[in-house]
Amino acid sequence: MDNKVLIAKRIAQELKSGDLVNLGIGMPTLVASYLPKDLEVFFQSENGIIGMSMLPHPGLEDLDLTDAGGNPIGAVPGAAGFDSGFSFGLIRGGHLDVTVLGGLQVDERGYLANWMVPGKMVPGMGGAMDLVAGAKKVIVAMTHTAKGAPKIVKECSLPLTAERRVDLIVTEMAVIKPTADGLVLSEVAPGTSVEDVLAATEASLIVPDAVGEMKVAA
């Protein structure tokens with residue numbers, strides 16, 4: 001299974017019916033494709049929509065209907081469009097149940113850095129700071145390493161997105177839960193051992209006596 005698909009499928013299991021969920025740019029947008037069929041989740045994008053869906057078919061693109069990254073999307077019946085001020089009022093007002101964001105690094109405290117790429121020209125953090133500070137639950141979707149270097153580190157070398165501990169980290173290798181005591185290894189991916197995860201992680205991990213296996217549909 002593709003690593004991004006594995007991550008998206010596992011994160012989809014964290015959502016429940018009635019949730020208002022923001023999906024960040026890139027990998028997080030895949031989560032909408034893998035919801036269990038009995039769930040009714042409302043996806044929000046900070047550029048101004050609730051009721052976002054994946055584009056049903058190629059050829060239905062509308063330049064006025066995009067996600068925050070400018071990619072074409074669909075809209076479910078009854079979807080609502082609004083301006084940026086209203087959108088960020090929802091985010092900053094604490095009305096989002098969940099946000100799923102990509103990550104460049106997460107440190108031992110569970111703090112996220114996800115907006116500055118070394119040596120690259122990037123426009124800035126976008127709404128990430130507001131999302132991490134305002135959402136009730138923050139889930140980080142990212143690969144465990146980048147070019148062999150760990151992304152779960154003792155201390156972030158990149159600027160922090162916000163000084164708030166995220167709630168869950170999901171990679172292609174593991175599910176890790178940041179707590180006040182440290183990063184707890186909750187699950188490992190199929191075919192991955194605890195030792196594999198420890199070797200690919202710079203930060204210290206708390207390893208319970210029993211670590212579950214990540215369950216995702218084929």
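Anyway, here's the lowdown on the structure attached to this text. Computed from a predicted model, the values in this text were never measured in an experiment.

1. Observations regarding the packing of aromatic side chains
- The tally for this structure, following the rule as stated, stands at one aromatic pair.
- Look at Phe82 and Phe86: their rings are 4.9 Å apart centre to centre, the planes differ by 55°, and that puts the pair in the tilted class.
- On the basis of relative accessibility, which here comes to 18%, the residue Phe82 falls in the buried class.

2. Structural notes on the layout of surface pockets
- Of the pockets and cavities examined, the second largest pocket occupies roughly 300 Å³.
- As for the second largest pocket, its lining consists of 19 residues, and the residues nearest its centre are Val41, Phe42, Phe43, Met52 and Val76.
- The element that contributes the greatest number of residues to the lining of the second largest pocket is strand β4 (residues 74-81), accounting for five residues.
- Looking at side-chain class alone, the lining of the second largest pocket contains 14 nonpolar, three polar and two charged residues.

3. Concerning helix α2 (residues 84-92)
- Listed as buried for α2 are Ser87, Phe88, Leu90 and Ile91. The buried residues of α2 occupy an angular sector of 150° when the element is viewed end-on, so they sit on one face. Relative to its buried face, α2 has exposed residues pointing more than 90 degrees away, namely Gly85 and Arg92.
- The opening residue of α2 is Asp83, an N-cap whose side-chain oxygen sits 3.3 Å from the backbone nitrogen of Gly85.
- After α2 finishes, the residue Gly94 shows a positive phi value of roughly 80°.

4. Here we look at the environment of Leu20
- Its place among the elements puts Leu20 in strand β1 (residues 20-23).
- Residue classification places Leu20 among the buried residues on the basis of a relative accessible area of 13%.
- For the pair Leu20 and Val138, spaced 118 residues apart in the sequence, the C-alpha separation amounts to 12 Å.

5. As for the side chain of Ser45
- With respect to the helices and strands, Ser45 occurs in strand β2 (residues 42-45).
- When near neighbours in sequence (up to four residues on either side) are disregarded, Ser45 contacts Asn22, Met52, Asp67, Ala68 and Ser87.

6. Section: helix α1 (residues 3-12)
- Of all the 10 residues making up α1, eight are buried; the element is thus mostly covered by neighbouring parts of the structure.
- Turning to α1, its buried residues number three or more, namely Val5, Leu6, Ile7, Ala8, Lys9, Arg10, Ile11 and Ala12.
- Where α1 is buried, its residues contact β5 (98-102), β8 (137-141), β11 (168-170), β12 (174-179) and β13 (182-188).
- Backbone nitrogen of Lys4 and a side-chain oxygen of the N-cap are separated by 2.9 Å at the start of α1; the cap is Asp2.

7. As for the environment of Glu40
- Considering the arrangement of structural elements, one finds Glu40 in the loop between β1 and β2.
- Expressed as a C-alpha distance, the spacing of Glu40 and Gly18, which sit 22 residues apart in the sequence, is 6.0 Å.
- Among residues more than four places away in sequence, those in contact with Glu40 are Lys16, Ser17, Gly18 and Asp19.

8. Describing the nonpolar core
- In terms of nonpolar packing, the biggest core is built from 27 residues, with Leu112, Ile152, Ile169, Ile176 and Val197 touching the most fellow members.
- Residue contributions to this core peak at three residues, all from β13.
- Setting aside residues no more than four positions away along its own chain, Ile169 makes contact with Val106, Val140, Met142, Ile152, Ala174, Val175, Ile176 and Pro178.
- If you look at the next biggest cluster of nonpolar residues, it comprises 25 residues, including Ala8, Val21, Phe43 and Leu168.

9. A closer look at the pairing of β5
- Summarising burial for β5: four of the five residues are buried, a large majority.
- Pairing of β1 with β5, which is carried by three bridges, proceeds in the parallel orientation. Opposite Asn22, over in β5, you have Thr99 as the bridge partner.
- The pairing of β5 with β8 spans five bridges and is parallel. What sits directly across from Val98, in β8, is Lys137.

10. Overview of the pattern of salt bridges
- According to the stated counting rule, one finds 10 salt bridges in the structure shown.
- Across the salt bridge formed by Glu14 and Arg10, the nearest N and O atoms sit 2.8 Å from each other.
- Residue classification places Glu14 among the partly exposed residues on the basis of a relative accessible area of 23%.
- For Arg10, a relative accessible area of 6% gives the class buried.
- Linking Glu14 and Lys137 is a salt bridge whose minimum nitrogen-to-oxygen distance equals 2.8 Å. Of this pair, Glu14 sits in the loop between α1 and β1 while Lys137 sits in strand β8, and the two are 123 residues apart along the sequence.
- Residue class for Lys137 comes out partly exposed when judged on its relative accessible area of 24%.
- Here the residues in one salt-bridge network are Arg10, Glu14, Lys137 and Glu187, joined through shared partners.

The rules we used
- Residues numbered from 1 in each chain as written.
- Predicted model: local features only at pLDDT ≥ 70, side-chain atom pairs only at ≥ 80, totals over all residues.
- Heavy atoms only, no water.
- Phe/Tyr/Trp six-rings, centres within 6.5 Å; stacked < 30°, edge-to-face > 60°.
- Buried < 20%, exposed > 50% of the residue type's maximum accessible area, 1.4 Å probe, protein only.
- 1 Å grid on protein atoms, 1.4 Å probe; cavity = no way out; pocket = protein on both sides within 12 Å on 5 of 7 lines; lining within 4 Å.
- Points joined across faces, edges and corners; volume = space filled by probe spheres on them.
- Helix = DSSP H or I, 4+ residues; strand = E, 2+ residues; numbered from the N terminus.
- Nonpolar A, V, L, I, M, F, W, Y, C, P; charged D, E, K, R; others polar.
- Arc of directions from axis to C-beta.
- Polar contact = N/O pair within 3.5 Å; in protein donor to acceptor, adjacent residues only side chain to side chain.
- Contact = heavy atoms within 4.5 Å.
- Core = buried A, V, L, I, M, F, W, Y, C linked by side-chain atoms within 4.5 Å.
- Pairing = 2+ DSSP bridges.
- Salt bridge = Lys/Arg side-chain N within 4 Å of Asp/Glu carboxyl O.

In short, geometric facts, not functional conclusions.
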